[in-house]
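Coordinate inspection notes
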Amino acid sequence: MHHFRIENGQIFAENVDLSQLAETIGTPFYCYSSATLERHYKLLAEAFRELDMTICYSVKANSNLAVIATLARQGAGADIVSQGELHRALAAGVPAEKIVFSGVGKTDAEMRAALQAGIAQFNVESIAELEMLSQCAQDTGHTANVALRVNPDVDAGTHEKISTGKAENKFGIAWEDAPGAFDKARQLPNINACGIDIHIGSQITDLAPFDIAFKKVRELYETLCAAGHNITALDLGGGLGVPYEPDQSLPSPQDYAALVKTAFADLPCRLFLEPGRLIAANAGILVSSVIRTKKGQAKNFIIVDAAMTELMRPTLYDAHHEIAVVTPRAGEALQWDIVGPVCETGDFIGTNRHMPEPEAGDLLVVYTVGAYGASLGSSYNTRLAAPEILVQGDQYDIVRRRPDYDELLGLEAIPDHLKNTE
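These numbers were taken from a predicted model, which means no experiment stands behind them. (Residues numbered from 1 in each chain as written. Predicted model: local features only at pLDDT ≥ 70, side-chain atom pairs only at ≥ 80, totals over all residues. Heavy atoms only, no water.)

1. Observations concerning the environment of Asp-79
Going by this rule: A run of DSSP states H or I qualifies as a helix once it reaches four residues; a run of E qualifies as a strand once it reaches two. Both are numbered from the N-terminal end. Two N or O atoms form a polar contact when they lie within 3.5 Å of each other; inside protein one atom must be a possible hydrogen donor and the other a possible acceptor, and for residues adjacent in sequence the pair counts only when both atoms belong to side chains.
Mapped onto the elements of the fold, Asp-79 is located in strand β6 (residues 77-80). With 24 residues separating them in the primary sequence, Asp-79 and Gly-103 have C-alpha atoms 9.7 Å apart. At 2.8 Å, the side chain of Asp-79 and the side chain of Ser-102 are in polar contact.

Now the structure itself:
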């Protein structure tokens, strides 16, 4: 569910008329609905209310400070994968004790910053990382709470580029090596290896892979406890999918929570969950304008001012997003590819869409862009980053403004020896 609607040729986010806003700030821009963000978090929290569950919003899905702050006010923690995301989470008001640090490539500096901040847990992915963390913890006088991320070799049935739980993926410690890794962790100073962590992929549309993975985690938990390890935390990752197409039937948060309860409710463990897309995706849209249409021999094109720089998912994953014209035109419906101005054949927002030919200046809305829209954006072709808007009721705030070219170029410098024109 989301809080966007088209009425009488205007697009509304909650009670804000985005058609008028488009005239003020220009297109393209992202818009996020506070009501949708809050609703999705509350539904998830309610589904797990009987468990000792910390919901750590996955910051990489949408790292805007206002989005993180909206969720922090509801009680969310944060799942981070970089020092930059640590700074974002803390700046947005997420308590350090609700932050977990994931990711396969943590550096010495990142570990030290997270230790100083006092985060809840490091999700460690290799023995080498574990040894580096032990040294950092000794040097800074801290003890690091650690969950070892184990790779259960479970095919989540999702796109190969967002699958993370198979043996050939770069993430986690091989399942067979997990007991030995916990034994090693127990020997290292300033390491409290108290948790098991898994994450099998993203945009998972079937509960069966979760069921397989959770049963393996339960078995590993019992094996480790029998060997004398004190396991007090289970991090179940994220990955539950969202509908990108109308009437797409997917497991609900309640269905997912029931599966978790069946697997782990009787264990004396704190549970962590790392949802990102599930909370943010349907809470955001991308508003774009038609530049012109172009009819070719093999394809017809609607050229818009949004591009792969604003929405990489179609190019990267062949992902589908629903697209609507705010003011539909009369006439025969034709088949169109909706493409951007970036100088790449792979720059498209949608392909093979049927609609009457729009006119230059018409607004298009791309749905389900709240996750992995702005966070995957770039300035390729020296394009200015699209602004981000947060709506609450009948109010809106520009929570990231569009920069100008001086700001963009100001990050670079021409060396003095190249300024000599003689």
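2. A few points about the packing of helix α6 (residues 127-140) against helix α7 (residues 178-187)
Packed helix pairs are specified by the crossing angle of their axes together with the interaxial distance, meaning the distance between the axes. Short version of the rule: Fitted lines through C-alpha atoms serve as axes, helices being fitted only where they are in contact, and the angles separating the N-to-C directions of these axes extend from 0 to 180 degrees. Here the angle decides the label: under 35 degrees means roughly parallel, over 145 means roughly antiparallel, 65 to 115 means roughly perpendicular, and every other value means oblique. Throughout, a crossing is termed right-handed when the near helix is turned clockwise from the far one, and left-handed when it is turned anticlockwise from it by less than a right angle. What makes two residues a contact is simply this: any of their non-hydrogen atoms within 4.5 Å. The nonpolar class holds Ala, Val, Leu, Ile, Met, Phe, Trp, Tyr, Cys and Pro. Asp, Glu, Lys and Arg form the charged class, and all remaining residues, Gly among them, are polar.
At a minimum axis separation of 11 Å, α6 and α7 run at an interaxial angle of 15°. The orientation of α6 relative to α7 falls into the category roughly parallel. Both α6 and α7 take part in a crossing whose hand is right-handed. The segment α6 lies against α7, with Ile-127, Leu-130 and Glu-131 engaging Ala-181, Lys-184 and Ala-185. Each residue belonging to the contact of α6 with α7 can be placed in one class, and the counts come to 4 nonpolar, no polar and 2 charged.

3. Overview of the nonpolar core
The line we're drawing: Throughout this description, the term nonpolar core refers to a set of buried Ala, Val, Leu, Ile, Met, Phe, Trp, Tyr and Cys residues connected via side-chain atoms within 4.5 Å. Only protein chains enter the area calculation, which uses a 1.4 Å probe; residues under 20% of their type maximum are buried, those over 50% are exposed, and those in between are partly exposed.
Counting 106 residues, the largest nonpolar core has Phe-48, Ile-196, Phe-214, Leu-234, Tyr-256, Val-260 and Phe-264 as its most contacted members. In terms of residue count, helix α8 (residues 208-226) provides more of this core than any other element does, 7 residues in total. Setting aside residues no more than four positions away along its own chain, Leu-234 makes contact with Ile-196, Val-217, Tyr-221, Phe-264, Leu-267, Cys-269, Arg-270, Leu-271 and Phe-272. Formed by 19 residues, the second largest nonpolar core is a distinct cluster that contains Phe-4, Ile-11, Leu-18 and Phe-29.

4. Section: the sheet that holds strand β3 (residues 16-17)
The strands making up a sheet are joined through hydrogen bonds of the backbone, oriented either antiparallel or parallel. Basically, it comes down to this: Only strands that DSSP links by at least two bridges are regarded as paired with each other.
A sheet is described by the order of its strands in space; here 3 strands give the open sequence β1-β2-β3, paired in antiparallel fashion. Across the chains shown, the open sheet's two edge strands, defined by having one partner strand only, are β1 (4-7) and β3. Sheet topology places strand β2 (residues 10-13) next to β3; 2 bridges connect them, and they run antiparallel. Paired with Ala-13 across the strands is Val-16, a residue of β3.

5. Looking at the packing of aromatic side chains
Each aromatic ring pair is summarised here by two numbers: the centre-to-centre distance and the angle between the ring planes. Which entries qualify depends on this criterion: Stacked, edge-to-face and tilted labels apply to pairs of Phe, Tyr and Trp rings (six-membered ring for Trp) whose centres lie within 6.5 Å, assigned for plane angles under 30 degrees, over 60, and everything in between, in that order.
Within this structure, the stated rule accounts for 6 aromatic pairs. With a centroid separation of 6.1 Å and an interplanar angle of 20°, the aromatic rings of Phe-101 and Phe-122 are classed as stacked. Placement of the pair is Phe-101 in strand β7 (residues 99-101) and Phe-122 in strand β8 (residues 121-124), with a sequence separation of 21 residues. Measuring from centroid to centroid gives 6.1 Å for Phe-214 and Tyr-256, while their planes differ by 55°, and the two rings are tilted. With Phe-214 in helix α8 and Tyr-256 in helix α9 (residues 253-264), this pair connects stretches of sequence that are 42 residues apart. Of the residues examined, Tyr-256 reaches a relative accessible area of 3% and is grouped as buried. Put simply, the rings of Phe-48, Phe-210, Phe-214, Tyr-256 and Phe-264 touch in pairs and so form one group of aromatic residues.

6. Some details on the pairing of strand β13 (residues 270-273)
For clarity, the cut-off: When the strands point away from the viewer, a crossover counts as right-handed if the route from the first strand across the helix to the second turns clockwise.
Pairing of strand β5 (residues 53-58) with β13 involves 3 bridges; the strand directions are parallel. Note on β13: the bridge partner recorded for Met-53 is Leu-271. Pairing geometry for strand β12 (residues 233-235) and β13, over 3 bridges, is parallel. The partner of Leu-234 across the bridge, within β13, is Leu-271. Taken together, β12, α9 and β13 form a β-α-β motif whose crossover is right-handed.

7. A word on the pattern of salt bridges
As a reminder, the rule being used: Salt bridges, as used here, are contacts in which a Lys or Arg side-chain nitrogen is within 4 Å of a carboxyl oxygen on Asp or Glu.
For the structure on display, the rule yields 21 salt bridges. For Lys-215, the salt bridge identified is with Asp-211, shortest N-O distance 3.3 Å. Of this pair, Lys-215 and Asp-211 both sit in helix α8, 4 residues apart, which is roughly one turn of that helix. When its relative accessible area of 54% is taken as the criterion, Lys-215 is described as exposed. For Glu-407, the salt bridge is made with Arg-401, and the minimal N-O distance between the two is 2.4 Å. A single salt-bridge network, built from bridges that share partners, covers Asp-108, Arg-112 and Asp-139.

8. Some details on the side chain of Asp-347
As a reminder, the rule being used: Under the counting rule used here, the positive set is Lys and Arg, the negative set is Asp and Glu, and His together with the chain ends is not counted.
Here Asp-347 shows up in the loop between β17 (334-339) and β18 (348-355). An unpaired buried charge is present at Asp-347: no salt bridge exists, and Arg-383, the closest side chain of opposite charge, is 6.8 Å distant. A polar contact is formed between the side chain of Asp-347 and the backbone nitrogen of Met-308, at a distance of 2.7 Å. In this structure, Asp-347 is in contact with Ala-307, Met-308, Thr-315, Val-339, Gly-340, Pro-341 and Val-342, ignoring residues within four places of it in sequence.

9. Overview of the state of the cysteines
Defined as follows: Note on terminology: pairs of cysteine sulfur atoms within 2.5 Å are recorded as disulfides.
Summed over all chains, the structure comprises 0 disulfides. Between Cys-56, a free cysteine, and Cys-194, which holds the nearest cysteine sulfur, the sulfur-to-sulfur gap is 13 Å. Cysteine Cys-269 shares no disulfide, and the gap to the nearest cysteine sulfur, in Cys-225, comes to 6.9 Å. A relative accessible area of 8% means that Cys-269 is categorised as buried.

10. Notes on the side chain of Asp-235
Considering the arrangement of structural elements, one finds Asp-235 in strand β12. Side-chain polar atoms of Asp-235 contact the side chain of Asn-123, separated by 3.0 Å. Apart from the residues within four sequence positions on either side, Asp-235 is in contact with Val-100, Gln-121, Asn-123, Ile-196, Asp-197, Ile-198, Phe-272 and Glu-274.

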